[in-house]
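Examining the three-dimensional arrangement
Residue strings, one per chain:
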There are 2 protein chains.
Amino acid sequence: MKKLAVVALGGNALLEAGQKGTIDDQEDNAYKTADRLTVLLKRDYNMVITHGNGPQVGNIMLANAAGNKLYNVPEMPLDICVAYSQGFIGYIIEQQLRNVLKANDMDRDIISIITQVLVNKDDPAFKKPAKPIGPYYTREESERFAEEGGAKFAKDPKGRGFRKVVASPKPLVISNTKSIEKIAREGHIVIAVGGGGIPAFYVKENKLQGIDAVIDKDLASSLLALKINADKFFILTDVPKVCLNFNTPQEKTIDRMTIAEAQRYLDEGQFAEGSMAPKIRAAINFVENSGKDCIITKTTLLGVDDGGTRVVMV
Amino acid sequence: MKKLAVVALGGNALLEAGQKGTIDDQEDNAYKTADRLTVLLKRDYNMVITHGNGPQVGNIMLANAAGNKLYNVPEMPLDICVAYSQGFIGYIIEQQLRNVLKANDMDRDIISIITQVLVNKDDPAFKKPAKPIGPYYTREESERFAEEGGAKFAKDPKGRGFRKVVASPKPLVISNTKSIEKIAREGHIVIAVGGGGIPAFYVKENKLQGIDAVIDKDLASSLLALKINADKFFILTDVPKVCLNFNTPQEKTIDRMTIAEAQRYLDEGQFAEGSMAPKIRAAINFVENSGKDCIITKTTLLGVDDGGTRVVMV
């Protein structure tokens, strides 16, 4: 049986630092990322691609708010904005990967799936929403919105204003998991769990209902990798390797670490929240429960010997 | 082998006439539509669902324009707006159908696929874009946009202003067709070809590129139904049956018509463009090339004996 890889693409797969997010930029970046993925395809891996949506969903929420303000378009809740971003990013990655495959005379079908992820309404994250998303508002605006809609807002640490904060609950069940595994093992490339998945939970009478939350895409990707029995889990980001004492004179790259070491560094606060820390947690989750390795690296080093940091069981 | 049905949902599946398009309205409507689909599932049909996106993509384009105006968010081209709408509508239909299945103790997985559709860049439709989409502008605005961006605009016949007009090229190849058939025949419900699909064509070096166009969803659905060898093709709309002399004292409903009759009525101008005419063309296309029947009816009459108009070969 062919090996199955899950590759989690970072935000920079479509949008590089400093770019505003024009469609041309995003297509170019997606092509470059897709081009690098052929390294694994040439080694005959089956593949599931997951991706973030931070900058894209931010822009979608801005447009959403503006459409309501200017043209009275009904404002869509966050789960719908995440769904928008899955359609968008799934399409762009699929299209550019099709172009790359054609340029390389490779014949694989690519299937992009809209993914819901079940969360628990009693997840403690809902008690203290902490993940900032969407547009910046003035204090007055944020207070008015909080009063009108019940949303929570927090002051931006860099002084750019006030932003909505939402919960980032734990992903529990990813929809279509069996089908994703089956389709991928048949040799097709699957794109799924975009932006960590569209968060939904059960309300009364066991009805599914979307919710204003975002799911960490690395954690959702590691859950998917476990559930589909992936052989390898790659987390792509914008640094070549995980570092200790990052951005200090004592900075030191890590080639290999056990999950016990990773947990210790995490406990020591070596990794920034909202950046490397969730990737380390996702890696630990996958390695601990599968016994297989996880590699964290930058896109251009995917598949390079000794490229990236290898997180291992022991 | 179980029979396979393609059900094309009209715009009113999510948004009824007069509704503004709040998420609550759209969820409620999606639930009602999904509930009706169980009629076919109880008869043990396999099923592929396709859907329109008119009102939704209109709202998305408005928000898109407003986001650019108010917050300088990069404006997304039409193919991306269609991709947004596929994510959104696919998600909502899937979620409500999951709720309906659970309420009926039915166990089927539902897979929503982001669908690209290949069109020909030399399609004559690109020479005279005629399909109005998106926001209404003043004459001055529309002239400025036309000059800046090369888009075409046309005066709204009802005097509401000027709207962008885009081409509606013929769908040629629907991506993932084989996988859609396979997944559906395995018993899963597939949602695909939303809004007629995201239009793309080949530019230099055989690279796929999205394009500012919209594909007629009924025509794309009939192509899909043909390619996946569907046994039945249902086109759901907001009237119980197709009518001759619609909205006149001579109005007459049609229970059954051959494709020759359908073509004659079409040539006589019996069916309105942008409304019943494309459905009739889609029905003819399916019946002519498959020899099987197509039924045009309203959602609430799906599966009812003698409900709807049956379009047949002879």
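Everything discussed here concerns the structure shown above.
Residues numbered from 1 in each chain as written. Chains lettered and ligands numbered in written order. Predicted model: local features only at pLDDT ≥ 70, side-chain atom pairs only at ≥ 80, totals over all residues. Heavy atoms only, no water.

Description of the pairing of strand β1 (residues 4-9) of chain A
All names here are of chain A. In plain terms, the rule: Between buried and exposed lies partly exposed: a residue is buried under 20% and exposed over 50% of the maximum accessible area for its type, with that area taken using a 1.4 Å probe on protein chains only. We count a stretch as a helix when DSSP gives it H or I for four or more residues in a row; a strand needs E for two or more, and each element gets its number in order from the N terminus. Two strands pair if DSSP finds at least two bridges between them. With its strands directed away from the observer, a crossover is right-handed exactly when the path from the first strand over the helix to the second travels clockwise.
Taken across its 6 residues, β1 has 6 buried, putting it largely inside the fold. Along β1, one buried face is formed by L4, V6 and A8 and the opposite face, lined by A5, V7 and L9, is buried too. With 6 bridges joining them, β1 and strand β2 (residues 46-51) adopt parallel strand pairing. Following the sheet pairing, V7 is matched in β2 by I49. Remark: the β1/helix α1 (residues 23-42)/β2 crossover connection has right-handed handedness. Summarising the sheet, β1 and strand β12 (residues 232-237) pair through 4 bridges and their orientation is parallel. Looking at the pairing, A8 lines up with I235 of β12.

Observations concerning the pattern of salt bridges
Rule in force here: Definition used for salt bridges: Asp or Glu carboxyl oxygen within 4 Å of a side-chain nitrogen of Lys or Arg.
Taken as a whole and assessed by the stated rule, the structure comprises 30 salt bridges over all chains. Residue E141(A) is joined to K69(A) by a salt bridge in which the shortest nitrogen-to-oxygen separation is 3.6 Å. In this pair, E141(A) sits in helix α4 (residues 139-149) while K69(A) sits in helix α2 (residues 54-71), placing the two residues 72 residues apart along the sequence. Note that R185(B) is salt-bridged to E181(B), the shortest N-O span being 2.8 Å.

Regarding the sheet that holds strand β7 (residues 162-166) of chain A
Strand pairing in a sheet relies on backbone hydrogen bonds. The paired strands run either parallel or antiparallel. Residues and elements named next belong to chain A. Going by this rule: With axes taken as lines fitted to C-alpha atoms, and helix axes fitted only over the stretch in contact, angles between N-to-C directions fall between 0 and 180 degrees. The contact criterion used is simple: two residues touch if any of their non-hydrogen atoms lie within 4.5 Å.
In spatial order, the strands read β5-β7-β6; together these 3 strands make up an open sheet with antiparallel pairing. Across the chains shown, the open sheet's two edge strands, defined by having one partner strand only, are β5 (131-137) and β6 (152-155). Within this sheet the neighbouring strands show an average axis-to-axis angle of 40°, counted without direction. Both β6 and β7 contribute to a ladder of 4 bridges, which runs antiparallel. Across the sheet, K155 pairs through a bridge with F162, a residue of β7. Sheet strands touched by α4: β5, β6 and β7. Its angle to β5, the strand with the most contacts, is close to 120°.

Quick notes on the pairing of β12(A)
In regular strands, side chains alternate between the two faces of the sheet. Residue and element names in this part refer to chain A. A large share of β12 lies buried, amounting to 6 of its 6 residues. Side chains of β12 alternate between two faces, with K232, F234 and L236 and F233, I235 and T237 buried alike. Relative to strand β16 (residues 294-298), β12 runs parallel, the two sharing 5 bridges. Its bridge partner lying in β16, F233 is registered against C294.

Considering the relation of the copies chain B and chain A
Heads up, the rule is: The fit set for superposing copies consists of C-alpha atoms from residues with pLDDT of at least 70 in both; the fit itself is least squares.
For the pair chain B and chain A, the superposition axis carries a translation of 0.0 Å, the fit reaches an RMSD of 0.0 Å, and the rotation angle comes to 180°. The relationship between the two copies is best expressed as a two-fold rotation axis. Taken as a fraction of all interface residues of chain B, those also at the interface in chain A reach 100%, which identifies the copy contact as same-surface.

Quick word on the side chain of R108(B)
All names here are of chain B. How we decide: For this count, His and the chain ends are skipped, Lys and Arg are scored as positive, and Asp and Glu as negative. We define a polar contact as two N or O atoms separated by no more than 3.5 Å, with the added condition that, inside protein, one atom must be a possible hydrogen donor and the other a possible acceptor, whereas residues neighbouring each other in sequence contribute only through side-chain atom pairs.
If you trace the backbone, R108 turns up in the loop between α3 (78-103) and β3 (110-112). Here R108 sits buried without a salt bridge, and the closest side chain of opposite charge, D44, lies 4.3 Å off (N-O distance). A polar contact is formed between the side chain of R108 and the backbone oxygen of Y45, at a distance of 2.7 Å. Within the structure, R108 has its side chain in polar contact with the side chain of N46 (distance 3.4 Å). When near neighbours in sequence (up to four residues on either side) are disregarded, R108 contacts L41, D44, Y45, N46, L101, G187 and I189.

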